[in-house]
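# Examining the three-dimensional arrangement
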Amino acid sequence: QVQLQQSGAELVKPGTSVKLSCKASGYTFTSNHMNWIKQTTGQGLEWIGIINPGSGGTSYNVKFKGKATLTVDKSSSTAFMQLSSLTPEDSAVYYCARRGILDYWGQGVMVTVSS
Amino acid sequence: DIQMTQSPSVLSASVGDRVTLNCKASQNINKYLNWYQQKLGEAPKLLIYNTNNLQTGIPSRFSGSGSGTDYTLTISSLQPEDVATYFCFQHNSWPNTFGAGTKLELK
């Protein structure tokens, strides 16, 4: 069965970076795009961007360009999202989700940015 | 960006009721509209994709309809386990965007 297993919660300091992971199993990793989504109480759900694990090609929401960088490791069927220059506004739950229709989601990872 | 407006923001209904949730896009999204259910502390779950296609494993009491800018999710007979927040999502054009959600409560 399709599973997306995300890394654990992060507590990070402002100005630093964090790299989140999403390990896929139960399907052919390189044949399905992976999305990343941000959820906050204030802004709701926001689509960050998408990566093609086969080619490495990416597309980003303009709002997150320069903030988020999407990569993959095909050998371990893992997608990554690095968030840089963190501020308290980056505190959120971040999800990975498969395919353009977001048919399967990871369990989410809470990132807290605080000094 | 395409704005997605959901109504109502909160809906109270009784078990067995027929429930209708609405989602309006700021421009034509060509039926590229999905519905998700999110229960407290969980990730969203896909219910309906591309307006009216039921995701595998989702009960048939859920259905979707619509076209152009206006879309609807219907629950034919509300069950206690349907208490959740429901989000619509357009993937017609980037950036893909979500509605703010409808919180469904039991009366």
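See the structure printed just above.
Everything quoted here is computed from the prediction, not taken from an experiment.

Here is what the cut-offs are and how they apply
- Residues numbered from 1 in each chain as written.
- Chains lettered and ligands numbered in written order.
- Predicted model: local features only at pLDDT ≥ 70, side-chain atom pairs only at ≥ 80, totals over all residues.
- Heavy atoms only, no water.
- Helix = DSSP H or I, 4+ residues; strand = E, 2+ residues; numbered from the N terminus.
- Patch = residues over 30% accessible without salt bridge, like charges linked within 9 Å, V, L, I, M, F, W, Y side chains within 5 Å.
- Areas by Shrake-Rupley, 256 points an atom, 1.4 Å probe, with all protein chains shown as cover.
- Salt bridge = Lys/Arg side-chain N within 4 Å of Asp/Glu carboxyl O.
- Disulfide = S-S within 2.5 Å.
- Pairing = 2+ DSSP bridges.
- Axes fitted to C-alpha atoms, helices over the stretch in contact; angles between N-to-C directions.
- Core = buried A, V, L, I, M, F, W, Y, C linked by side-chain atoms within 4.5 Å.
- Buried < 20%, exposed > 50% of the residue type's maximum accessible area, 1.4 Å probe, protein only.
- Contact = heavy atoms within 4.5 Å.

## Topic: unusual backbone geometry
Residues and elements named next belong to chain B.
- Of the consecutive residues Ser 7 and Pro 8, the connecting peptide bond is found in the cis state with omega at -10°.
- Looking at the secondary structure, you find Pro 8 in the loop between β1 (4-7) and β2 (10-13).
- Along the chain, Trp 94 connects to Pro 95 via a cis peptide bond; the corresponding omega equals 0°.
- Following the sequence through the fold, Pro 95 ends up in the loop between β9 (84-90) and β10 (97-98).
- In this structure, Asn 50 is a non-glycine residue whose phi angle is positive, near 50°.
- Within the fold, Asn 50 resides in the loop between β5 (45-49) and β6 (53-54).
- Notably, Thr 51 is not glycine yet its phi reads approximately 75°, a positive angle.

## Quick notes on a nonpolar patch on the surface
- Taken together, the side chains of Val 15, Val 83 and Leu 106 of chain B define a hydrophobic patch exposed on the protein surface, amounting to about 230 Å² of accessible area.
- Relative to the helices and strands, Val 15 of chain B resides in the loop between β2 and β3 (19-25).

## Side note on the state of the cysteines
- Taken as a whole, this structure holds two disulfides over all chains when the rule is applied.
- Across the disulfide from Cys 22 of chain A sits Cys 96 of chain A; the S-S distance is 2.1 Å. Looking along the S-S bond of the Cys 22 of chain A-Cys 96 of chain A disulfide, the torsion reads about 80°, which is the right-handed sense. Placement of Cys 22 of chain A in strand β3 (residues 18-25) and of Cys 96 of chain A in strand β9 (residues 92-98) is noted, with a sequence separation of 74 residues between them.
- Shown here is the disulfide that connects Cys 23 of chain B with Cys 88 of chain B, its sulfur atoms set 2.0 Å apart. Between Cys 23 of chain B and Cys 88 of chain B, the disulfide has an S-S torsion of 70° and is therefore right-handed. One end of the pair, Cys 23 of chain B, is in strand β3; the other, Cys 88 of chain B, is in strand β9, with 65 residues separating them in the sequence.

## Here's the deal with the sheet that holds strand β7 (residues 68-73) of chain A
Residue and element names in this part refer to chain A.
- Here four strands make up an open sheet; going across it, the order is β1-β3-β8-β7 and the pairing antiparallel. Of all the strands in the sheet, the pair left with one neighbour each is β1 (3-6) and β7. Shown here is a sheet whose adjacent strand axes are inclined to one another by a mean of 20°, direction ignored.
- Sheet analysis places β7 next to strand β8 (residues 78-83), joined by six bridges and oriented antiparallel. Across the sheet, residue Ala 68 finds its bridge partner in β8, namely Leu 83.

## Observations concerning the nonpolar core
- With 27 residues, the main nonpolar core has Leu 20, Met 34, Trp 36, Met 81, Leu 83 and Tyr 94 of chain A as its most contacted residues.
- Among the elements of the structure, β3, β4 (34-40), β5 (44-51), β7, β8, β9 and β10 (109-113) of chain A are those that each provide at least two residues to this core.
- With four residues, β3 of chain A is the single largest residue contributor to this core.
- If near-sequence neighbours (up to four positions away) are discounted, Met 81 of chain A is found in contact with Val 18, Lys 19, Leu 20, Trp 36, Ile 48, Ala 68, Thr 69, Leu 70 and Tyr 94 of chain A.
- Ala 25, Trp 35, Ile 58 and Ala 84 of chain B belong to the second-largest nonpolar core, a separate cluster that totals 23 residues.

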